Amino acid sequence: MLELTKIELSVTGIWNGRLFSGSGILKVNPADGTKQGAVVYDTTPPGAPDGDTGPVATVRCFIGARHAGQKDFLGPLELLGRDFVSVRSTTVGRTGFVSVGETARTVRDVLHTDLTVVGNVRVPRIRGMGPLSEVATVSGDDTLICEGRYSFVTKGGRTIPIRYTHLYRSLHPNRRLFRRMRGQRFLLRSNTSARVRGRQVEYRSQSTVRRLEAR
């Protein structure tokens, strides 16, 4: 089982026509399913007018999630292994879209991930994020297909629904294990918050993941 203690990430991209980049560290505590840390950007953080409430906060949700249910748990991260790539396509209500590409590698107990973000989103000021729910399905010999949703809550009390599809591909898959688990599904639930302090965004999330019945 892969037990991570830290995520080191870098992010570059274009947000509403503006180039940006950033880097940071998230500490992982699998025992209670939390990840927390900060990302420092080179300019004003991308995202809603309040800062980054989406591009980075909701990626890698099942990493470090607390296992709910089975004692001997084989989850999405263990299945993907130490090296994988992923791509996410997100629709932000009627206000725009976000695409995220990822290359990830694990060295001992640290996940290193490089993110490329392209977004064009126009939303009002955000008060917070609603809980995230995602279903990950094992597909093919090296792939996970994830579909999820959450929401933004504006300062005026309006809810903006968020929908996304996230595809993961293992770079060194255990194909026999993928075939044995084909069709298996996992349910992820997560609560995430982000606080902007100048060019720095502080993140905290708490997640659980459990196995569902295969289709």
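Keep in mind the model is a prediction, meaning the values are calculated, not measured. (Residues numbered from 1 in each chain as written. Predicted model: local features only at pLDDT ≥ 70, side-chain atom pairs only at ≥ 80, totals over all residues. Heavy atoms only, no water.)

**Q** I'd like a description of the overall build of the chain, backed by residues and values.
**A** For the chain, the count of helices and strands is 2 helices and 13 strands. C-alpha atoms of the chain, sized along the principal axes, occupy 45 × 35 × 30 Å. Out of the 215 residues belonging to the chain, those deemed buried represent 48%. The contacts of the chain with a sequence gap of at least 6 include a subset with a gap of at least 24, amounting to 62%. (Helix = DSSP H or I, 4+ residues; strand = E, 2+ residues; numbered from the N terminus. Buried < 20%, exposed > 50% of the residue type's maximum accessible area, 1.4 Å probe, protein only. Contact = heavy atoms within 4.5 Å.)

**Q** Tell me about the side chain of glutamate 78, residues and numbers included.
**A** Within the secondary structure, glutamate 78 sits in helix H1 (residues 76–80). There is no salt bridge for the buried glutamate 78, and the closest opposite charge comes from arginine 211, which lies 8.5 Å off by N-O distance. Engagement of the side chain of glutamate 78 in a polar contact is seen with the backbone nitrogen of glycine 75, the distance being 2.9 Å. (Lys, Arg positive; Asp, Glu negative; His and termini not counted. Salt bridge = Lys/Arg side-chain N within 4 Å of Asp/Glu carboxyl O. Polar contact = N/O pair within 3.5 Å; in protein donor to acceptor, adjacent residues only side chain to side chain.)

**Q** How would you summarise a nonpolar patch on the surface if you had to cite specific residues and measurements?
**A** Together, Val87, Ile145 and Leu167 make up a nonpolar patch on the protein surface, roughly 210 Å² of accessible area in all. Within the fold, valine 87 resides in strand E5 (residues 83–92). (Patch = residues over 30% accessible without salt bridge, like charges linked within 9 Å, V, L, I, M, F, W, Y side chains within 5 Å. Areas by Shrake-Rupley, 256 points an atom, 1.4 Å probe, with all protein chains shown as cover.)

**Q** Requested: an account of the environment of serine 89, with residues and values cited.
**A** Relative to the helices and strands, serine 89 is located in strand E5. Taking the C-alpha atoms as reference, serine 89 lies 14 Å from tyrosine 150; in sequence the two are 61 residues apart. Contact partners of serine 89, with chain neighbours within four places excluded, come to Val98, Arg163, Tyr164 and Thr165.

**Q** Give me the lowdown on the confidence of the model for the chain, citing residues and values where you can.
**A** Of the residues in the chain, 93% reach a pLDDT of 70 or more, and the chain-wide mean stands at 88. Ranking the helices and strands of the chain by mean pLDDT puts strand E9 (residues 132–139) first, with 95, and strand E8 (residues 126–129) last, with 80. (pLDDT = per-residue confidence, 0-100.)

**Q** Outline unusual backbone geometry, supporting the account with residue identities and numerical values.
**A** A negative phi holds for most residues other than glycine; trans holds for most peptide bonds. We note that asparagine 16 has phi near 50°; this positive angle belongs to a residue other than glycine. Structurally, asparagine 16 can be placed in the loop between strand E1 (6–15) and strand E2 (18–29). For asparagine 16, a relative accessible area of 25% corresponds to the partly exposed category. For arginine 108, which is not a glycine, the phi torsion comes out positive at approximately 55°.

**Q** A description of the packing of aromatic side chains should follow, citing residues and the corresponding values.
**A** What the rule picks out here adds up to 6 aromatic pairs. For the ring pair phenylalanine 73 and phenylalanine 186, a centre distance of 6.0 Å and an interplane angle of 70° mean the geometry is edge-to-face. Taken together, the residues span a long stretch of sequence, with phenylalanine 73 in the loop between strand E4 (66–67) and H1 and phenylalanine 186 in strand E12 (residues 185–197) at a distance of 113 residues. Judged by relative accessible area, phenylalanine 186 falls into the buried class, the value being 1%. Note on tyrosine 150 and tyrosine 164: the rings are 6.2 Å apart at their centroids and 55° apart in plane angle, and the pair reads as tilted. (Phe/Tyr/Trp six-rings, centres within 6.5 Å; stacked < 30°, edge-to-face > 60°.)

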